[in-house]
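# Tertiary structure, described
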Protein chains: 2
Amino acid sequence: MRSYDAVDLSLLTALAEDPRATIAALAERLRLSRNTVHARLTRLEESGAFLAFDRRINPAALGHPLTAFLEVTVRQRELPAIVDRLAEIPEVVQAYGHSGAADLRVHVVCRDTDHLFRIDAAILAIDGVERTETSLSMGELIPYRIQPLIEAARRNL
Amino acid sequence: MRSYDAVDLSLLTALAEDPRATIAALAERLRLSRNTVHARLTRLEESGAFLAFDRRINPAALGHPLTAFLEVTVRQRELPAIVDRLAEIPEVVQAYGHSGAADLRVHVVCRDTDHLFRIDAAILAIDGVERTETSLSMGELIPYRIQPLIEAARRNL
DNA sequence: GGCTGGCTGAGCACTCTGCTCAACGTGTGG
DNA sequence: CCACACGTTGAGCAGAGTGCTCAGCCAGCC
């Protein structure tokens, strides 16, 4: 993956500030030509700078304001089948393979604690799942942010 | 927060498929009038349906391909000051308050395991941090997705 | 010096936007 | 049943934006 230069980083920052900014607006703001902005955006998209739009959709807006993480211990040989079953649960929004004591970290969203309880039970009911350890998120103390990384990258140019 | 109807959900899905789609294109695709799409998008934005664009920026593209989670135990009276210090570390992309044994869950991104080690050390050096338990993410087995929730919401209309 | 890649401004045909407007349909309350 | 409010629609308009091509320029490289 090629590294990004100052133009790339400025584009990312400008988009963070106005995700639906037009190419013309970005060009004006960054004092570049339209063609450059267009070409650079295309390259950023093609190089995988942008993750899926799903990440910007607020689960709370869909009626699932609670976030919880489950560390799931499984029979490892059955991991692929377990992941398939987890993927069938809509409230499971993400799952990572894990290096710690548990085998999986599962990120779920839910309506309330009763709902979480039922999702937990559904996960525990999956064949091969041995145990789960659930922790409820009590609020985003540092909201997700990438700009400090971009600033750091800019300083290291 | 008002609940969303079929039009809202369709818009979210259409945007997930093409985040930079124009209002005209969305209107054509969803068979709505431009004015309706414009009004609905405005309402979605105003109602908090969209989270920050930072979430779409790929840390790997910025040279930080590794993701790790730290469960951090702290002296609780010093939590606010600790959060301030954590926010000064660019590689800390998110931090949650926690309901489990630890007090904080910190999401960090890093270049490699050496880098992670140094970030862990920087966090442990913060006054009031008692211990951390770090686990390295070994890959996104279920990539972040919200569409199943949207489909479930659509079925429950 | 020649070549390549990237950036630029100009130009053009086409598309899009923001807004207003009148009309229509639906739901609600009296 | 009627009045009202709300939401959606298509039309219209002026202005903005886009995708693409083109020629020129500059910097870096061989």
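Residues numbered from 1 in each chain as written. Chains lettered and ligands numbered in written order. Predicted model: local features only at pLDDT ≥ 70, side-chain atom pairs only at ≥ 80, totals over all residues. Heavy atoms only, no water.

## Here's the deal with the overall build of chain A
Check the secondary structure of chain A and you find six helices and four strands. Traced from its N-terminal end to its C-terminal end, chain A shows the element sequence α-α-α-β-α-β-β-α-β-α. Computed over its C-alpha atoms, the radius of gyration of chain A comes to 20 Å, more than 25% above the 15 Å expected for a compact globule of 157 residues. When the backbone C-alpha atoms are referred to their principal axes, chain A occupies close to 55 × 35 × 25 Å. Taking all 157 residues of chain A together, 51% fall into the buried category. Relative to all contacts within chain A whose residues are 6 or more apart in sequence, the contacts with residues 24 or more apart total 65%. Counting 19 positive and 22 negative side-chain charges, chain A places the centres of these two groups 7 Å from one another. (Helix = DSSP H or I, 4+ residues; strand = E, 2+ residues; numbered from the N terminus. Rg over C-alpha atoms; globule rule 2.2 N^0.38 Å. Buried < 20%, exposed > 50% of the residue type's maximum accessible area, 1.4 Å probe, protein only. Contact = heavy atoms within 4.5 Å. Lys, Arg positive; Asp, Glu negative; His and termini not counted. Charge placed at Lys NZ, Arg CZ, Asp CG, Glu CD.)

## Let's talk about the sheet that holds strand β4 (residues 129-142) of chain B
In spatial order, the strands read β1(A)-β3(A)-β2(A)-β4(B)-β1(B)-β3(B)-β2(B)-β4(A); together these eight strands close into a barrel with antiparallel pairing. When the angles between neighbouring strand axes are averaged without regard to direction, this sheet yields 35 degrees. Pairing geometry for strand β4 (residues 129-142) of chain A and strand β2 (residues 92-98) of chain B, over three bridges, is antiparallel. Opposite E140(A), over in β2(B), you have Y96(B) as the bridge partner. (Pairing = 2+ DSSP bridges. Axes fitted to C-alpha atoms, helices over the stretch in contact; angles between N-to-C directions.)

## Quick notes on the pairing of strand β1 (residues 66-74) of chain B
Residue and element names in this part refer to chain B. Extensive coverage of β1 is indicated by the burial of eight of its nine residues. With seven bridges connecting them, β1 and strand β3 (residues 104-110) associate as antiparallel partners. Looking at the pairing, E71 lines up with R105 of β3. Examined bridge by bridge, β1 and β4 share seven bridges and lie antiparallel to one another.

## What about the protein's contact with DNA strand C?
Close to DNA strand C lie L32(A), S33(A), R34(A), N35(A), T36(A), R40(A), T22(B), I23(B), A24(B), R34(B), N35(B) and H38(B). Near-protein atoms of DNA strand C (within 4 Å) split between backbone and bases, with sugar and phosphate holding 57%. Between DNA strand C and the protein, one listed contact pairs a base oxygen with a side-chain N or O atom of R34(A) at 3.2 Å. Note that a phosphate oxygen of DNA strand C is positioned 2.8 Å from one of the backbone N or O atoms of I23(B). Examining the composition of the surface near DNA strand C, we find that four residues originate from one element, helix α3 (residues 34-46) of chain A, more than from any other. Of the residues assigned to the surface near DNA strand C, the class counts are three nonpolar, six polar and three charged. (Near = heavy atom within 4 Å. Polar contact = N/O pair within 3.5 Å; in protein donor to acceptor, adjacent residues only side chain to side chain. Nonpolar A, V, L, I, M, F, W, Y, C, P; charged D, E, K, R; others polar.)

## Re the side chain of Q147(B)
Within the secondary structure, Q147(B) is located in helix α6 (residues 147-155). At 3.0 Å, the side chain of Q147(B) and the side chain of D54(A) are in polar contact. Apart from the residues lying within four places of it in its own chain, the contact partners of Q147(B) are D54(A), I57(A), L12(B), T13(B) and A16(B).

## What to know about the side chain of D120(A)
Residues and elements named next belong to chain A. Checked against the element boundaries, D120 lands in helix α5 (residues 113-124). For the buried residue D120, which engages in no salt bridge, the nearest side chain bearing the opposite charge is R131, 10 Å off. Here the side chain of D120 touches T132 through a polar contact of 2.9 Å, side chain to side chain. Apart from residues lying up to four places away in sequence, D120 is in contact with L70, T132 and T134. (Salt bridge = Lys/Arg side-chain N within 4 Å of Asp/Glu carboxyl O.)

## Side note on the interface of chain A and chain B
Listed per partner, the contact involves 68 residues of chain A and 68 residues of chain B. Summing both partners gives a buried area of about 6400 Å² for chain A against chain B, and 62% of it is carried by carbon and sulfur. The interface formed by chain A and chain B holds two salt bridges in total. Across the salt bridge formed by R55(B) and E140(A), the nearest N and O atoms sit 3.0 Å from each other. Where chain A packs against chain B, one counts 36 residue pairs in polar contact (both at pLDDT 80 or more). Those elements giving two or more residues to the side of chain A that touches chain B turn out to be α1 (6-17), α3, β1 (66-74), α4 (79-87), β2 (92-98), β3 (104-110), β4 and α6 (147-155) of chain A. The residue makeup of the side of chain A that touches chain B, split by class, is 43 nonpolar, 15 polar and 10 charged. (Buried area = accessible area lost by both parts, 1.4 Å probe.)

## Let's talk about the protein's contact with DNA strand D
Close to DNA strand D lie T22(A), I23(A), A24(A), R34(A), N35(A), H38(A), L32(B), S33(B), R34(B), N35(B), T36(B) and R40(B), which account for all nearby residues. A breakdown of the atoms of DNA strand D within 4 Å of the protein gives sugar and phosphate a share of 57%. For DNA strand D, a base nitrogen lies 3.3 Å from a polar atom in the side chain of N35(A). S33(B) is positioned such that a nitrogen or oxygen atom in its backbone is 3.0 Å from a phosphate oxygen of DNA strand D. Contributing elements (two or more residues each) for the surface near DNA strand D: α2 (23-30) and α3 of chain A together with α3 (34-46) of chain B. Considering each element in turn, the surface near DNA strand D owes the most residues, four residues, to α3(B). Each residue belonging to the surface near DNA strand D can be placed in one class, and the counts come to three nonpolar, six polar and three charged.

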